[in-house]
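# Observations on the three-dimensional arrangement
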There are 2 protein chains.
Amino acid sequence: MTNIRQLEDADWPVIWQIMEPVVRSGETYPYAMDMTSDQARGMWLDVTEAAYVAEGDEGELLGTYYIKPNQPTLGAHVANCGYLVSAQARGRGIATAMCEHSQKEAVRLGYRAMQFNLVVKTNEASVYLWQKLGFDVIGALPGAFKHPHHGYVDAFVMYKVRVKQG
Amino acid sequence: MTNIRQLEDADWPVIWQIMEPVVRSGETYPYAMDMTSDQARGMWLDVTEAAYVAEGDEGELLGTYYIKPNQPTLGAHVANCGYLVSAQARGRGIATAMCEHSQKEAVRLGYRAMQFNLVVKTNEASVYLWQKLGFDVIGALPGAFKHPHHGYVDAFVMYKVRVKQG
């Protein structure tokens, strides 16, 4: 079972262990590959509305996500989320559980839709998963992501109009 | 003739005169309609890489634009710009002049492409102009903008791969 709860300050060292290899790989998020723990913490926690963790039966942390408005005021009814899953917990449905949780949270927080701004095309597992969870590919941004191995690759804008109710 | 130069601190009071009615209308930008001059200044100047003004023959200010990376590091080769034209100077090609200038500046600053994240569909003049200047509608975000008169309206993501050279 996966339990999802709000991220607490004490979680950060483990969250950074989950996040660091993702940041260092540079394959899925546009963050600086040499980002420090403090920078990542500022980005994940300070500029977001809320952040959550997924934990397993023993309370071990398996993943994290944030939710925030994708635009200021007149676009603030559209949520943006970012998700990270521990390398050790892949293939166990953690991303699915977090995305479904985030959609319920989005409704609770008053959002009407959810948008992902830069889903890297080569990150096929994520593209597939978000589509399975009801997100549409709104369009492809040519060469919008600088991949460390593949060079400039396309990225998708993905969007879900009605976020999951209850 | 329109001259375009970097925005200077002393320009702000006049720039705010240009910006305020646009902000108050809430029809084209997602900013809070009750935004103060200080808030607008922080948004337009502090979070951007550079800001410019368009001035007429007498040095009068006709418009302004900013340029900044649309995403952090691995997406920072795509520029984002925002443009504002004085209500008194509409129909004189100021937006065109600023957009062409911004594309040259984008090249000079090392950008490879330019993206507009939220072009409100009801702002037909802008949609038409950006297309004329080589931007593609990448996709439409359903109901992504809360228009004060029309309610939730669609917004376009627009993108130009090769920004104008020289």
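Residues numbered from 1 in each chain as written. Chains lettered and ligands numbered in written order. Predicted model: local features only at pLDDT ≥ 70, side-chain atom pairs only at ≥ 80, totals over all residues. Heavy atoms only, no water.

### Examining the overall build of chain A
Helices and strands together make up the secondary structure of chain A, namely four helices and seven strands. Its C-alpha radius of gyration of 15 Å places chain A within 12% of the 15 Å reference for a compact globule of 166 residues. Seen through its C-alpha atoms, chain A measures out along the principal axes to roughly 40 × 40 × 30 Å. Within chain A, buried positions represent 53% of all 166 residues. Of all intrachain contacts in chain A linking residues separated by at least 6 positions in sequence, the fraction that spans at least 24 positions is 60%. Per element, the accessible surface of chain A, about 7700 Å² overall, is 48% carbon and sulfur. Within chain A, one finds 15 positive and 18 negative side-chain charges whose respective centroids are separated by 8 Å. (Helix = DSSP H or I, 4+ residues; strand = E, 2+ residues; numbered from the N terminus. Rg over C-alpha atoms; globule rule 2.2 N^0.38 Å. Buried < 20%, exposed > 50% of the residue type's maximum accessible area, 1.4 Å probe, protein only. Contact = heavy atoms within 4.5 Å. Areas by Shrake-Rupley, 256 points an atom, 1.4 Å probe, with all protein chains shown as cover. Lys, Arg positive; Asp, Glu negative; His and termini not counted. Charge placed at Lys NZ, Arg CZ, Asp CG, Glu CD.)

### Considerations on the sheet that holds strand E3 (residues 61–69) of chain B
Residue and element names in this part refer to chain B. The mixed open sheet is built from seven strands, whose spatial order is E1-E2-E3-E4-E5-E7-E6. Every interior strand has two partners, whereas the edge strands, strand E1 (3–6) and strand E6 (136–147), have only one. Across the sheet, the mean angle from the axis of one strand to that of its neighbour is 25°, orientation sign disregarded. Note that strand E2 (residues 50–55) and E3 share six bridges and pair antiparallel. Bridge assignment links Glu 55 to a residue of E3, and that residue is Leu 61. Running over the sheet, helix H3 (residues 94–108) touches E1, E2, E3, strand E4 (78–85), strand E5 (113–120) and strand E7 (151–160) and is turned about 30° from E3. (Pairing = 2+ DSSP bridges. Axes fitted to C-alpha atoms, helices over the stretch in contact; angles between N-to-C directions.)

### Some words on the packing of helix H1 (residues 12–25) of chain B against helix H2 (residues 37–46) of chain B
Residues and elements named next belong to chain B. Where H1 contacts H2, the axes come no closer than 11 Å and their chain directions differ by 100°. Between H1 and H2, the crossing angle belongs to the class labelled roughly perpendicular. For the pair H1 and H2, the contacting residues are Trp 12, Trp 16 and Met 19 in the first and Ser 37, Ala 40, Arg 41, Met 43, Trp 44 and Leu 45 in the second. Grouping the constituent residues of the contact of H1 with H2 by class yields seven nonpolar, one polar and one charged. (Parallel < 35°, antiparallel > 145°, perpendicular 65-115°, else oblique. Nonpolar A, V, L, I, M, F, W, Y, C, P; charged D, E, K, R; others polar.)

### Some points on the side chain of Lys 68 of chain B
Residue placement: Lys 68 of chain B occurs in strand E3. Setting aside residues up to four positions removed in sequence, Lys 68 of chain B forms contacts with Val 47, Thr 48, Glu 49, Val 78, Ala 79, Asn 80 and Tyr 111 of chain B.

### Description of the interface of chain A and chain B
Chain A puts 30 residues into the contact, and the matching count from chain B is 30 residues. Together chain A and chain B conceal approximately 2400 Å² of surface at their shared face, both sides included; 66% is due to carbon and sulfur atoms. Summed over the shared surface of chain A and chain B, the result is zero salt bridges. For the interface between chain A and chain B, the tally reads 14 residue pairs in polar contact (both at pLDDT 80 or more). (Buried area = accessible area lost by both parts, 1.4 Å probe. Salt bridge = Lys/Arg side-chain N within 4 Å of Asp/Glu carboxyl O. Polar contact = N/O pair within 3.5 Å; in protein donor to acceptor, adjacent residues only side chain to side chain.)

### As for helix H4 (residues 124–132) of chain B
All names here are of chain B. Here H4 has its buried residues at Ser 126, Val 127, Leu 129 and Trp 130. All buried residues of H4 fall inside an arc of 165° around its axis, so they share one side. In this structure, H4 carries Glu 124, Ala 125, Tyr 128 and Lys 132 as exposed residues pointing more than 90 degrees from its buried face. At the C-terminal side of H4, Gly 134 shows a positive phi close to 100°. (Arc of directions from axis to C-beta.)

### Some words on the packing of aromatic side chains
Working definition: an aromatic ring pair is given by the centre-to-centre distance plus the angle between the planes. Inspection of every chain in the model, using the stated rule, returns 20 aromatic pairs over all chains. When the centroid spacing of 5.8 Å and the interplanar angle of 90° are considered together, the rings of Tyr 83 of chain B and Phe 116 of chain B count as edge-to-face. Within this pair, whereas Tyr 83 of chain B is found in strand E4, its partner Phe 116 of chain B is found in strand E5, the two being separated by 33 residues in sequence. Of the residues examined, Phe 116 of chain B reaches a relative accessible area of 4% and is grouped as buried. A ring pair is formed by Phe 116 of chain B and Trp 130 of chain B, whose centres lie 5.2 Å apart and whose planes are at 55°; its orientation type is tilted. Taken together, the residues Phe 116 of chain B in strand E5 and Trp 130 of chain B in helix H4 connect sequence positions 14 residues apart. Taken together, the aromatic side chains of Tyr 52, Tyr 65, Tyr 83, Phe 116, Trp 130 and Phe 135 of chain A make up a single cluster linked through ring pairs. The lysine or arginine in question, Arg 112 of chain A, covers the ring of Tyr 152 of chain B, its NZ or CZ lying 3.6 Å from the ring centre. (Phe/Tyr/Trp six-rings, centres within 6.5 Å; stacked < 30°, edge-to-face > 60°. Lys NZ or Arg CZ within 6 Å of the ring centre and 35° of its normal.)

### Comments concerning the environment of Glu 105 of chain B
All names here are of chain B. Inspection of the secondary structure puts Glu 105 in helix H3. Considering only alpha carbons, one finds Glu 105 and Pro 72, 33 residues apart in sequence, at a separation of 19 Å. Residues in contact with Glu 105, not counting those within four places in the same chain, are Tyr 52, Tyr 65 and Ile 67. Within the local environment of Glu 105, its side chain forms a polar contact with the side chain of Arg 108, the two groups lying 2.8 Å apart.

### With respect to the sheet that holds strand E5 (residues 113–120) of chain A
All names here are of chain A. Read across the open sheet, the seven strands follow the order E1-E2-E3-E4-E5-E7-E6; overall the sheet is mixed. The outermost strands of the open sheet, each flanked by one partner alone, are strand E1 (3–6) and strand E6 (136–147). Ignoring which end each strand starts from, the neighbouring axes of this sheet average 25° apart. Here strand E3 (residues 61–69) pairs with strand E4 (residues 78–85) via seven bridges, running antiparallel. Residue pairing in the sheet places Ile 67 in a bridge with Cys 81 of E4.

### Some details on the environment of Pro 142 of chain B
Within the secondary structure, Pro 142 of chain B is located in strand E6. Taking the C-alpha atoms as reference, Pro 142 of chain B lies 26 Å from Ala 76 of chain B; in sequence the two are 66 residues apart.

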